[in-house]
Amino acid sequence: DDFSVGITGASSTIGPIIPPSLPMVIYGVMANASVGKLFAAGFIPGLVMAATLMVMVAWFARSRNYRRDASFSLLRLWSSFQQAFLPLLTPVIPVGGMVTGVFTPTEAAIAATVYAMFLRLFVYRNLSWREFVRVSMETMETTSIILLIVAGASIFGYIITTTKITDQLADFVLSITRTPWIILLLVNVFLLIVGCFMETIASITILVPVLLPLMEKIGVDPVHFGVVMVLNLMIGLLTPPVGMVLYILARVAN
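Residues numbered from 1 in each chain as written. Predicted model: local features only at pLDDT ≥ 70, side-chain atom pairs only at ≥ 80, totals over all residues. Heavy atoms only, no water.

One can find asparagine 232 in helix 11 (residues 222–236). When its relative accessible area of 5% is taken as the criterion, asparagine 232 is described as buried. Apart from residues lying up to four places away in sequence, asparagine 232 is in contact with Asn188, Leu191 and Leu192. (Helix = DSSP H or I, 4+ residues; strand = E, 2+ residues; numbered from the N terminus. Buried < 20%, exposed > 50% of the residue type's maximum accessible area, 1.4 Å probe, protein only. Contact = heavy atoms within 4.5 Å.)

Quick look at the structure:
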């Protein structure tokens, strides 16, 4: 049980790296960066993380002699892929639409939602009216919370911009070193520490106005920094004292 919960927790941090990703949307809004480019940039790191996790799980399973649920079969794999094909297209629609210029980020979210509803209503036929109302209410609640955080962080960002705290921070860091990779390493460590104490969305909305000017001064692309920031903060979801994923897993798995 503990190993299963561990895999669930570790793999949950990969979700926001591979699109569609809410933290990347929030970062794109705060940094005025292309959400489509952020989504495209998250694919390879997410797949590398997934592949690495799969290798580690396989190694542990063999070293601990875990029993197999079923033997591997190309026929079973193909059958599973066919069953999952339509749902797997859900992230392809917004990402493909934004990369090709067919959708804006808002329109892409609407298209993905409509497609998901179409699958449940007409393909799988498992969406009741009561379930639809419940999901809609949960969505409104989550969206309201995020918008309140973004609103507060926007005011905070305005204050630190007008007081030129970002310029002072950049000058202080550059007075220590001007080597880009060392600065990026220091920012990585800082984000890992912040992720241990702050919620991801709040961290992004508060820290982007502070750190992005520094990244631009040393020539780091905002899209690159966005992936670095989201990845670091996702790790924070698994670390005490405010490991949100840990609390949820402990409650669900008892």
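The discussion continues.
The subject of this paragraph is the environment of leucine 89. Following the sequence through the fold, leucine 89 ends up in the loop between helix 4 (74–88) and helix 5 (92–100). Looking at leucine 89, the relative accessible area reads 27%, which means it is partly exposed. Here the alpha-carbon distance between leucine 89 and tyrosine 115, two residues 26 residues apart in the chain, equals 9.1 Å.

Here we take up the packing of helix 1 (residues 2–12) against helix 3 (residues 35–63). Orientation of helix 1 relative to helix 3, taken along the N-to-C sense of each, is 170 degrees, at an axis distance of 11 Å. One way to sum up the angle between helix 1 and helix 3 is to call them roughly antiparallel. Between helix 1 and helix 3, the contacting residues are Phe3, Ile7, Ala10 and Ser11 on the first element and Leu53, Val57 and Phe60 on the second. For the contact of helix 1 with helix 3, the class distribution of residues is 6 nonpolar, 1 polar and no charged. (Axes fitted to C-alpha atoms, helices over the stretch in contact; angles between N-to-C directions. Parallel < 35°, antiparallel > 145°, perpendicular 65-115°, else oblique. Nonpolar A, V, L, I, M, F, W, Y, C, P; charged D, E, K, R; others polar.)

This paragraph deals with the packing of aromatic side chains. Applying the stated criterion to the full structure yields 8 aromatic pairs. Arranged with centres 5.5 Å apart and planes meeting at 40 degrees, the rings of phenylalanine 118 and phenylalanine 122 form a pair that is tilted. In this pair, phenylalanine 118 and phenylalanine 122 both sit in helix 6 (residues 105–123), 4 residues apart, roughly one turn of the helix. Members of the aromatic cluster, each reached through a chain of ring pairs, are Phe3, Trp59, Phe60 and Tyr66. (Phe/Tyr/Trp six-rings, centres within 6.5 Å; stacked < 30°, edge-to-face > 60°.)

In this section: the side chain of threonine 205. Counting through the fold element by element, threonine 205 comes out in helix 10 (residues 200–217). Relative accessible area serves as the criterion here: at 0%, threonine 205 is assigned to the buried category. Looking at threonine 205, its side chain comes within polar contact range of the main-chain oxygen of isoleucine 201, at 3.0 Å. (Polar contact = N/O pair within 3.5 Å; in protein donor to acceptor, adjacent residues only side chain to side chain.)

With that out of the way, let us pick up the nonpolar core. Within the largest apolar cluster, 44 residues are counted, with the highest numbers of intra-cluster contacts made by Tyr27, Met215, Phe225 and Met229. The element best represented in this core is helix 10, accounting for 9 residues. Beyond its immediate chain neighbours, meaning those up to four positions away, methionine 215 contacts Ile183, Leu184, Val187, Val220 and Phe225. (Core = buried A, V, L, I, M, F, W, Y, C linked by side-chain atoms within 4.5 Å.)

Glancing now at the packing of helix 3 against helix 11. Two elements in contact, helix 3 and helix 11, have axes separated by 9 Å at closest approach and are oriented at 45 degrees. Relative to helix 11, helix 3 is oriented oblique. Our pair here, helix 3 against helix 11, has a crossing hand that is right-handed. Here Lys37, Leu38, Ala41, Gly42, Pro45 and Met49 of helix 3 lie close against helix 11, whose contacting residues are Val223, Gly226, Val227 and Leu231. (Left-handed = near helix turned anticlockwise from the far one by under 90°.)

Function-wise, these values are silent; they only describe arrangement.
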